[in-house]
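# Structural overview for review
Listed below are the residues making up each chain.
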Amino acid sequence: MTANEMADKLELLLDRANAFGSPGYTDAELSSILSSAQIQYTKRFYNYKNNAHQTGFEETEARGQGLSALIQDSGALTVSDSQVGVLPNGTFFDLPDDFMFTIYELVEISRPDCTGNAEAGVRVVSHDEYSKFKGNPYKRPVADNLGASVFRMYFNADNGPKRHEVLTDGSFAVTSYRMRYLKNPVDIEVNRADPGGQVDSELDDFTHEVIVDLARDLMLETVKEQKTDLEIDIENFE
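Here the structure is a predicted model, which means the values were calculated and not measured.

## A look at the pairing of strand β2 (residues 90-94)
For β2, the tally of buried residues reaches 4 of 5 residues, placing the bulk of the element in the interior. Summarising the sheet, β2 and strand β7 (residues 162-167) pair through 5 bridges and their orientation is antiparallel. Bridged to Phe 92 within β7 is Glu 165.

## Describing the pattern of salt bridges
On inspection of all chains with the given rule, the structure shows 11 salt bridges. As a salt-bridge pair, Glu 209 and Lys 9 come within 3.7 Å of each other at their nearest N and O atoms. Within this pair, whereas Glu 209 is found in helix α5 (residues 208-237), its partner Lys 9 is found in helix α1 (residues 3-17), the two being separated by 200 residues in sequence. Judged by relative accessible area, which is 40%, Glu 209 ranks as partly exposed. By relative accessible area, Lys 9 is classed as partly exposed at 25%. One salt bridge connects Lys 183 with Glu 202, and the closest N-O pair in it is separated by 2.9 Å. Of this pair, Lys 183 sits in strand β8 (residues 173-183) while Glu 202 sits in the loop between β8 and α5, placing them 19 residues apart in sequence. Each of Asp 8, Glu 11, Asp 27 and Arg 192 takes part in a single network of salt bridges with overlapping partners.

## Observations regarding a negative patch on the surface
A cluster of like negative charges, contributed by Glu 5, Asp 200, Asp 204 and Asp 205, occupies part of the molecular surface. With respect to the helices and strands, the residue Asp 205 is situated in the loop between β8 and α5.

## Let's talk about the environment of His 127
With respect to the helices, strands and loops of the structure, His 127 is situated in helix α4 (residues 127-133). Taking C-alpha positions, His 127 is 8.8 Å from Tyr 154, a pair spaced 27 residues apart along the chain. Once residues lying within four places of it in the same chain are set aside, the contact partners of His 127 are Met 153 and Tyr 154.

## Quick word on the nonpolar core
Counting 24 residues, the largest nonpolar core has Leu 10, Leu 34 and Tyr 41 as its most contacted members. Those elements that provide at least two residues to this core are α1, α2 (27-46) and α5. Ignoring sequence-local partners within four residues, the contact set of Tyr 41 consists of Leu 67, Leu 203, Phe 206, Thr 207, Val 210, Ile 211 and Leu 214.

## Observations concerning the pairing of β7
The buried fraction of β7 amounts to 5 of the 6 residues, a majority that puts the element mostly inside the structure. Examined bridge by bridge, strand β6 (residues 147-156) and β7 share 6 bridges and lie antiparallel to one another. Paired with Arg 152 across the two strands is Val 166, which belongs to β7.

Conventions adopted
Residues numbered from 1 in each chain as written. Predicted model: local features only at pLDDT ≥ 70, side-chain atom pairs only at ≥ 80, totals over all residues. Heavy atoms only, no water. Buried < 20%, exposed > 50% of the residue type's maximum accessible area, 1.4 Å probe, protein only. Helix = DSSP H or I, 4+ residues; strand = E, 2+ residues; numbered from the N terminus. Pairing = 2+ DSSP bridges. Salt bridge = Lys/Arg side-chain N within 4 Å of Asp/Glu carboxyl O. Patch = residues over 30% accessible without salt bridge, like charges linked within 9 Å, V, L, I, M, F, W, Y side chains within 5 Å. Areas by Shrake-Rupley, 256 points an atom, 1.4 Å probe, with all protein chains shown as cover. Lys, Arg positive; Asp, Glu negative; His and termini not counted. Charge placed at Lys NZ, Arg CZ, Asp CG, Glu CD. Contact = heavy atoms within 4.5 Å. Core = buried A, V, L, I, M, F, W, Y, C linked by side-chain atoms within 4.5 Å.

Any functional reading would require information beyond the geometric quantities listed.
Written as structure tokens, this is what we have:
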């Protein structure tokens, strides 16, 4: 469906839910609620814990195809201009502006005792785990004849881009860091006055019905909250 068709269907569903007919919504209101529903859909089906069937987005064909338009390859990520606050043997890397969730990470490293680059496994750790594991020879980042691994942590500088912090044990260096990630979907924009100016959902067509249903639920919940607030105001007035 186009953005305008999604808006028309949403208004129809809202009209059916209201015995007295819906009051009518502006294109801006419909754009906002459809975009919110699209984000909710993405987050719900990315994480298996957030959907009823307990399946991640790549565990079924439907989930994978539904969000496939949002999968991006970062290419080699840029080392952050500022390394202020970085932990010992760590490096900050800037994430893409449209980054939402990490899907896959690939780190290449160099070691003094080897020629060329080698791949290293990536272990995502919390700050608490970092404190526990950094001095443990069996759990810290390592590069030896059996393989290599690095730590990766979350970090976000004030008023700056989102970042990942990649850490080694100091005996080897990270030469390249790239990822595949799920990007934030572009906002849906309804424009019934000028259909050429509408912005359709990037997600697969078969997701649109679900997004419209989610938008209806969000809109009805908003109306319910507004009604409750009004009733409270009236009670206070009396």
